[in-house]
Amino acid sequence: MQTWQIVLLIVLVVVAAILVALYFVGRKLQKRQDEQQEAINNAAQQMELFIIDKKKMKITEAGLPKIVVDQTPKYLRRTKVPVVKAKIGPRVMSFMADNKVYETLAPNQTVKATVSGIYITQAKRLRGPVVESDPKKRKALEKAAKKEAKKKAKEAK
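Residues numbered from 1 in each chain as written. Predicted model: local features only at pLDDT ≥ 70, side-chain atom pairs only at ≥ 80, totals over all residues. Heavy atoms only, no water.

### Comments concerning the pattern of salt bridges
Pairs can form between side chains of opposite charge whenever their charged atoms are close.
Here comes step 1: Counted by the stated rule, this structure contains 3 salt bridges.
Here comes step 2: Across the pair K55 and D53 runs a salt bridge, and its minimum N-O distance is 3.8 Å.
Here comes step 3: Residue D53 is classed as partly exposed on the basis of its relative accessible area, which comes to 29%.
Here comes step 4: When the shortest N-O distance is used, the salt bridge between K66 and D70 registers 3.1 Å. Taken together, the residues span about one helical turn, with K66 and D70 both in helix 2 (residues 66-71) at a distance of 4 residues.
Here comes step 5: According to the relative accessible area criterion, D70 is partly exposed, its value standing at 45%. (Salt bridge = Lys/Arg side-chain N within 4 Å of Asp/Glu carboxyl O. Buried < 20%, exposed > 50% of the residue type's maximum accessible area, 1.4 Å probe, protein only. Helix = DSSP H or I, 4+ residues; strand = E, 2+ residues; numbered from the N terminus.)

### Examining the sheet that holds strand 3 (residues 91-97)
Here comes step 1: In space, the 5 strands of this closed barrel follow the order 1-2-3-5-4, with mixed pairing throughout. Across the sheet, the axes of successive neighbouring strands diverge by a mean angle of 50°, strand direction being ignored.
Here comes step 2: Looking at chain direction, strand 1 (residues 45-58) and strand 2 (residues 80-88) are connected through 8 bridges and run antiparallel. Residue pairing across strands places K54 opposite V84, the latter belonging to strand 2. (Pairing = 2+ DSSP bridges. Axes fitted to C-alpha atoms, helices over the stretch in contact; angles between N-to-C directions.)

Set out below in structure tokens:
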């Protein structure tokens, strides 16, 4: 055998070994994700929330319970997560939201939400403003609202 054939054979064996390892790791991670999703679904409950505010902020700044911050891996504490401040009856609480749910929520809106611990997994609007689901349209509306606010601020001076 020539040297280039030997090198090619070694590279193919290494690539095959990597693919097999990734397959088994992927199956293990998928199984773990399925278990976590099942636990979230088992702990889910319906609540009526009045959305006060929503922001994307770091977990350490979000006002979440200390145990949540402590259980979060250190490398994820600096990442921004969607946080929703909502009122449930007389209590004001901070929740984390699924990204898809976060986009559909608006401040000063009453929603019927499925909550699992402090995580909002689904939300359906009851009263309040309708949020545009298309991100491009929503961004255009937000820009127009900011321009209008600046215009009013200049007129007030």
